[in-house]
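Working through the structure, step by step
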Amino acid sequence: MRKRTLFRLAAGTVAAGAATLAYASLVERNMFTLRRYDVPVLPTDAEPLRVLHLSDLHMMPGQRRKQDWVASLAALDPDLVVVTGDNMAHPESVPGVLRALQPLLDLPGAFVFGSNDYTGPVLKNPFTYFLPDREYTEGVPLPYEELRDILTGAGWADLNNARTTLKAGGREIELAGVDDPHIERDDYDAVAGPVSGDVALSIALSHSPEPVVLDRMAADGFGLLLAGHTHGGQVCVPGYGALVTNCGLPRSMARGLHRWPGSDSWLHVSAGLGTHPTAPIRFACPPEASILTLISR
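All values derive from a computational prediction rather than experimental measurement. (Residues numbered from 1 in each chain as written. Predicted model: local features only at pLDDT ≥ 70, side-chain atom pairs only at ≥ 80, totals over all residues. Heavy atoms only, no water.)

On to the packing of aromatic side chains. Taken as a whole and judged by the stated rule, the model has five aromatic pairs. Where phenylalanine 111 meets phenylalanine 113, the ring centres are 5.4 Å apart and the plane angle is 40°; that geometry is what we call tilted. Overall, phenylalanine 111 belongs to the buried group, its relative accessible area being 0%. Judged by its relative accessible area of 0%, phenylalanine 113 is buried. (Phe/Tyr/Trp six-rings, centres within 6.5 Å; stacked < 30°, edge-to-face > 60°. Buried < 20%, exposed > 50% of the residue type's maximum accessible area, 1.4 Å probe, protein only.)

Structure follows, in structure tokens:
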């Protein structure tokens, strides 16, 4: 009788695990979700300004459901579109990324790249994400210059270790960004310096939300910090949250809107829209984009 009980328990555990995996790989990873946040970063009595934050598409050829959903976000009519990297996951991803972003390219926009804009992902043991000093392995080269040309050709600001101002929502916005700190391409010294007192808003971008970079952005007075990379943990435990962030950010800040410690800045970390191609699952962390409605302090 004890053996039958153990067998039933084991069989139930296997069945539950299989059902969870099927749900994570077939259902939740396609449950594209729009998050909405109000962020108090504008001067008193300023009119609201809407920012669409996209990240981590990890686009593969043929992912038309994802492309159609992203393209549909143009109907939200945001004032500014910001993309924080990891757009591609395959050498032939550019047409899919363009199909997703095309309806948004007529809007003011800005972007930085992530590691998976430069090289493709590789098969890896997921438990290595718990190792802080694991070695980064490059995959096949990706056509990042082609993607850069498309985005800048549409008038979007390339903020990879760059700083600029642009007009959106009838206001001048100061923006700065760094290339991906996760693969040590960041050079904040190239963009460092206090924000201008003549602009209504200042925004800083980084693909990976590394605290050493975010601290400097906040110290320079950028009111809104935007990042991706974490996938929100990708696999989370209900009631507990992310198991790992794959960067120096605390697990409690793996996704969503947070006040950056010791500053007046706000940090928004997007859980992103894609998955690692060799681990195409999401659990307790649906793929997402966010509309940030910036309001007066």
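Owing to its 3.6 residues per turn, the α-helix aligns residues three or four sequence positions apart on the same side. Taken together, the buried positions of helix H3 (residues 94-101) are Val94, Gly96, Val97, Ala100 and Leu101. Around the axis of H3, the buried residues are gathered within 165° of arc, so they sit on the same side. Packing partners of the buried residues in H3 comprise strand E2 (49-54), helix H2 (64-72) and helix H5 (144-153). (Helix = DSSP H or I, 4+ residues; strand = E, 2+ residues; numbered from the N terminus. Arc of directions from axis to C-beta. Contact = heavy atoms within 4.5 Å.)

Judged by how many residues are buried, strand E8 (residues 201-206) sits mostly within the fold: six of six residues are covered. The two faces of E8 match: Leu201, Ile203 and Leu205 on one face and Ser202, Ala204 and Ser206 on the other face are all buried. As paired elements, strand E7 (residues 171-178) and E8 share six bridges and run parallel to each other. Its bridge partner being in E8, isoleucine 173 is matched across the sheet by leucine 201. Crossover connection from E8 via helix H6 (residues 211-219) to parallel strand E9 (residues 224-227): handedness right-handed. (Pairing = 2+ DSSP bridges. Right-handed = clockwise from strand over helix to strand, strands pointing away.)

A sheet is described by the order of its strands in space; here six strands give the open sequence E1-E14-E2-E3-E4-E5, paired in mixed fashion. Where the open sheet ends on each side, the last strands, each with one partner, are strand E1 (33-42) and strand E5 (157-158). Sheet analysis places strand E4 (residues 109-111) next to E5, joined by two bridges and oriented parallel. Along E5, the bridge assignment pairs alanine 110 with alanine 157.

Moving on, we come to the sheet that holds E8. With respect to topology, six strands assemble into an open sheet ordered E6-E7-E8-E9-E13-E12, the strand pairing being mixed. Where the open sheet ends on each side, the last strands, each with one partner, are strand E6 (162-168) and strand E12 (256-259). Between one strand axis and the next, the sheet turns by 25° as a mean value, whatever way the strands run. Where E12 and strand E13 (residues 266-269) come together, four bridges link them in antiparallel fashion. From the neighbouring strand, histidine 258 faces E13, where its bridge partner is leucine 267. Lying on the sheet, H6 is in contact with E7, E8, E9 and E13; it crosses E8 at an angle near 170°. (Axes fitted to C-alpha atoms, helices over the stretch in contact; angles between N-to-C directions.)

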